Amino acid sequence: MTIELGVLAAHVPSICHRENVPEYQQEIVVKMDAISENIEKIKPDGVIIVSCHWQSTFHHYVDVSPKHKGTLTAFECPDIISDVKYEYPGDQSLGERLVMAGKRAKIPVISVNDPTYVWDYGTVVPLRYLVPNEDIPVVNLSITLAAGLEETYKWGQEIGNVLNSEDKNYVFIFSGALAHNLVRGRHHMPTVSEQALDKQFINYIMGKNWNLAKEMLPQYAKVAGVEGGGRHLAMMLGVLADGYNPSFHTYAQSSGSGNAIMTFDIKETLQPSS
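Residues numbered from 1 in each chain as written. Predicted model: local features only at pLDDT ≥ 70, side-chain atom pairs only at ≥ 80, totals over all residues. Heavy atoms only, no water.

1. A word on the pattern of salt bridges
Part 1 of the argument: Considering all chains together, one arrives at six salt bridges under this definition.
Part 2 of the argument: In this structure, Asp-83 and Lys-85 form a salt bridge, with 3.0 Å as the shortest nitrogen-oxygen distance.
Part 3 of the argument: Owing to a relative accessible area of 55%, Lys-85 belongs among the exposed residues under this scheme. (Salt bridge = Lys/Arg side-chain N within 4 Å of Asp/Glu carboxyl O. Buried < 20%, exposed > 50% of the residue type's maximum accessible area, 1.4 Å probe, protein only.)

2. Thoughts on helix H7 (residues 231-240)
Because each turn of an α-helix spans 3.6 residues, side chains separated by three or four positions in sequence point in the same direction.
Part 1 of the argument: In terms of residue burial, H7 counts as a mostly covered element, since ten of its ten residues are buried.
Part 2 of the argument: Among the residues trailing H7, Ala-241 stands out with phi positive, at a value near 50°. (Helix = DSSP H or I, 4+ residues; strand = E, 2+ residues; numbered from the N terminus.)

3. Overview of unusual backbone geometry
Part 1 of the argument: Notably, Lys-43 is not glycine yet its phi reads approximately 50°, a positive angle.
Part 2 of the argument: With respect to the secondary-structure elements, Lys-43 resides in the loop between helix H1 (26-42) and strand S2 (46-56).
Part 3 of the argument: Even without glycine at this site, Glu-134 takes up a positive phi of about 55°.
Part 4 of the argument: In this fold, Glu-134 is placed in the loop between helix H3 (121-130) and strand S7 (138-144).

4. Details of the packing of aromatic side chains
The relation between two aromatic rings is expressed through the spacing of the ring centres and the mutual angle of the planes.
Part 1 of the argument: Enumeration over the complete set of coordinates arrives at seven aromatic pairs.
Part 2 of the argument: Ring geometry for Trp-54 and Tyr-61: centres 6.2 Å apart, planes at 10°, overall stacked.
Part 3 of the argument: A residue is classified by how much of its surface remains accessible, and Trp-54, at 9% relative accessible area, is buried.
Part 4 of the argument: By relative accessible area, which is 25% here, Tyr-61 ends up partly exposed.
Part 5 of the argument: Where Tyr-88 meets Trp-119, the ring centres are 5.6 Å apart and the plane angle is 35°; that geometry is what we call tilted. Here Tyr-88, found in strand S5 (residues 84-89), pairs with Trp-119, found in the loop between strand S6 (109-112) and H3; they are 31 residues apart in sequence, far enough to count as distant.
Part 6 of the argument: Under the relative-accessibility criterion, Tyr-88 is labelled buried at 3%.
Part 7 of the argument: Positioned over the ring face of Tyr-153 is Lys-214, at 4.6 Å from the centre of the ring. (Phe/Tyr/Trp six-rings, centres within 6.5 Å; stacked < 30°, edge-to-face > 60°. Lys NZ or Arg CZ within 6 Å of the ring centre and 35° of its normal.)

Dropping the structure here:
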């Protein structure tokens, strides 16, 4: 079997609690709800999620805990995200297989199995929408600041090789924004130039010009301040390669950042909901 679905997801703090979502981000919620329905139909054996808010310094971390349970209050915005409880099963065996694949490829990957570790909001927020029943095993990954885009891309390839060799179905979530030069005021869009860069990157993906998207990413990440230095996008390109049908669902602002919702289907294009 294989990675059945890839999802580029948003984790903007203001969508954490459904009742607090501003009007200009409502479409994000609508689209992620629709994707959640598709995930329910797929009935994946596991979800892998990489978050731009789990920023490790030197090593790539894989959370292999057999159970993920905690209460999140976000360091960055405790006034918006506080006392958020979560409880998901993990998949220790899968996590360890990913770690071993990274090590064989000479990538500095380390497993984390610590019941006191609390998830970041880049992990919790999209899962609240995409896996709301907390009933699918989750393996979560860090982005690594000492790793460049090329190493992250290679790590993504190794992850994809493992998942695509399994006799199981998986969903892979890439949690992070595009342009991310933040400003005060959640209603602000990215600048015109940043939006143009976001649109060009999306167009390359939609046209399945994967090599051009990869070639564009380093300079795009610097100029537009792509979240996490674009590492979640580098991993996305490495994991998915060119075997997927992309769908673009929506794009919304949050404090000057550009947040795209996209899906990547191995079988047929997931049609955006009306």
